[in-house]
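Architecture at a glance
Below are the chains, spelled out letter by letter.
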Amino acid sequence: MSETDDRPKLAVRLDNLFRTVRPKGRHWTNAEVAEELKRANPELRVGGVYLSQLRTGKRSNPSPDLLAALARFFGVSVAYFFDDEVAESVLSEVAAIEALRQAGVRSVAMRAAGMKRENLQAITAIMDQYRQMQGLPPVTDASEAE
């Protein structure tokens, strides 16, 4: 959540899901998500306008059933909406998946699969040098500490 965003935390987190998570490989509109939620949970009362209001912070008290349905739809734990650590973890995973979607990144990852650790370290060092030459920030990988 950015420091300048004055929306409630729930609104920011829900909006982040809409913007970054792609169930079935695509972005969804508020109305489409509402229809999918009602299809999976016919008793659920939700519409595209209401989801829009939740995302903007104009409404802020969704039912537990709606939150559970949204979490299932986007493939996250309901705790994502309330727990800062869970939210941070989810957003980190989403960022990694989004990076893999970039042209060429997946291709590099596929070629690296199965290579020996020392070869991966050499390739990583070369990539770090190219990142530095392009003025990109260094990448820190939690698995490097293993």
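Every value quoted in this text rests on a predicted model; they were computed, and no experiment measured them.

Conventions used here
Residues numbered from 1 in each chain as written. Predicted model: local features only at pLDDT ≥ 70, side-chain atom pairs only at ≥ 80, totals over all residues. Heavy atoms only, no water. Helix = DSSP H or I, 4+ residues; strand = E, 2+ residues; numbered from the N terminus. Rg over C-alpha atoms; globule rule 2.2 N^0.38 Å. Buried < 20%, exposed > 50% of the residue type's maximum accessible area, 1.4 Å probe, protein only. Contact = heavy atoms within 4.5 Å. Salt bridge = Lys/Arg side-chain N within 4 Å of Asp/Glu carboxyl O. Patch = residues over 30% accessible without salt bridge, like charges linked within 9 Å, V, L, I, M, F, W, Y side chains within 5 Å. Areas by Shrake-Rupley, 256 points an atom, 1.4 Å probe, with all protein chains shown as cover. UniProt positions renumbered as here; feature names shortened; annotations may be inferred. pLDDT = per-residue confidence, 0-100. Axes fitted to C-alpha atoms, helices over the stretch in contact; angles between N-to-C directions. Parallel < 35°, antiparallel > 145°, perpendicular 65-115°, else oblique. Nonpolar A, V, L, I, M, F, W, Y, C, P; charged D, E, K, R; others polar. Expected span 1.5 Å × (residues − 1). Core = buried A, V, L, I, M, F, W, Y, C linked by side-chain atoms within 4.5 Å.

Each helix and strand in the chain was counted, giving seven helices and zero strands. Listed N to C, the secondary structure of the chain is α-α-α-α-α-α-α in terms of helices and strands. The C-alpha radius of gyration computed for the chain amounts to 19 Å, which surpasses the reference 15 Å derived for 146 residues by more than 25%, pointing to a less compact arrangement than a globule. Along the longest, intermediate and shortest principal axes, the C-alpha atoms of the chain span 55 × 35 × 25 Å. Burial status across the chain gives 25% buried among its 146 residues. The contacts in the chain between residues at least 6 apart in sequence include a share of 48% that link residues at least 24 apart.

This brings us to the side chain of Asn-41. Mapped onto the elements, Asn-41 comes out in the loop between helix H2 (30-40) and helix H3 (48-56). Residue contacts for Asn-41: discarding those within four places in its chain leaves Ala-69 and Arg-72.

Taken as a whole, this structure holds seven salt bridges when the rule is applied. Between Glu-35 and Lys-38 there is a salt bridge; the shortest N-O distance is 3.4 Å. Here Lys-38 and Glu-35 lie together in helix H2, a separation of three residues that amounts to about one turn. The class for Glu-35 is partly exposed, based on a relative accessible area of 41%. For Lys-38, a relative accessible area of 29% translates into the label partly exposed. Through salt bridges with shared partners, a single ionic network connects Arg-7, Asp-15, Arg-19 and Arg-55.

Here the focus is a nonpolar patch on the surface. Taken together, the side chains of Val-108, Met-115, Leu-120, Ile-123 and Met-127 present a nonpolar region at the surface, about 360 Å² in accessible area. Counting residues per element, the nonpolar patch draws most heavily on helix H7 (residues 117-133), at three residues. Inspection of the secondary structure assignment puts Ile-123 in helix H7. We classify Ile-123 as partly exposed; its relative accessible area is 33%.

Turning next to the UniProt feature "domain: HTH cro/C1-type" (unreviewed entry) in the chain. The UniProt record annotates "domain: HTH cro/C1-type" (unreviewed entry) at residues 50-81. Span residues 50-81 is 56% helix and 0% strand, its end C-alpha atoms 17 Å apart.

A residue-level look at the chain finds 92% of positions with pLDDT of 70 or above and a mean pLDDT of 86. The secondary-structure element of the chain with the lowest mean pLDDT is helix H6 (residues 105-112), recorded at 79, while H3 shows the highest, at 96.

It is worth spelling out the packing of H2 against helix H4 (residues 64-74) at this point. In the contact formed by H2 and H4, the axes pass within 10 Å of each other and the chain directions differ by 105°. The orientation of H2 relative to H4 falls into the category roughly perpendicular. When H2 is examined against H4, the residues Val-33, Glu-36 and Leu-37 are found in contact with a partner set consisting of Leu-66, Ala-69, Leu-70, Phe-73 and Phe-74. Broken down by class, the residue content of the contact of H2 with H4 amounts to seven nonpolar, no polar and one charged.

Turning our eyes to something else, we now look at helix H1 (residues 9-20). Given 3.6 residues per turn, any residue in an α-helix points the same way as the ones three and four places further on. Its 12 residues give H1 an end-to-end C-alpha distance of 16 Å, which sits within 8% of 16 Å, the value for a rise of 1.5 Å per residue. Three or more residues of H1 are buried, namely Leu-10, Ala-11, Val-12, Arg-13, Leu-14, Asp-15, Leu-17 and Phe-18.

Our focus in this paragraph is the nonpolar core. Val-33, Leu-37, Leu-70 and Phe-81 are the most contacted members of the largest nonpolar core, which has 27 residues in total. If you list the elements that add at least two residues to this core, you get H1, H2, H3, H4 and helix H5 (84-101). The biggest single contributor to this core is H4, with seven residues. With sequence-adjacent residues up to four places away left out, Phe-81 is seen in contact with Leu-10, Arg-13, Leu-14, Leu-17, Leu-67, Leu-70 and Ala-71.

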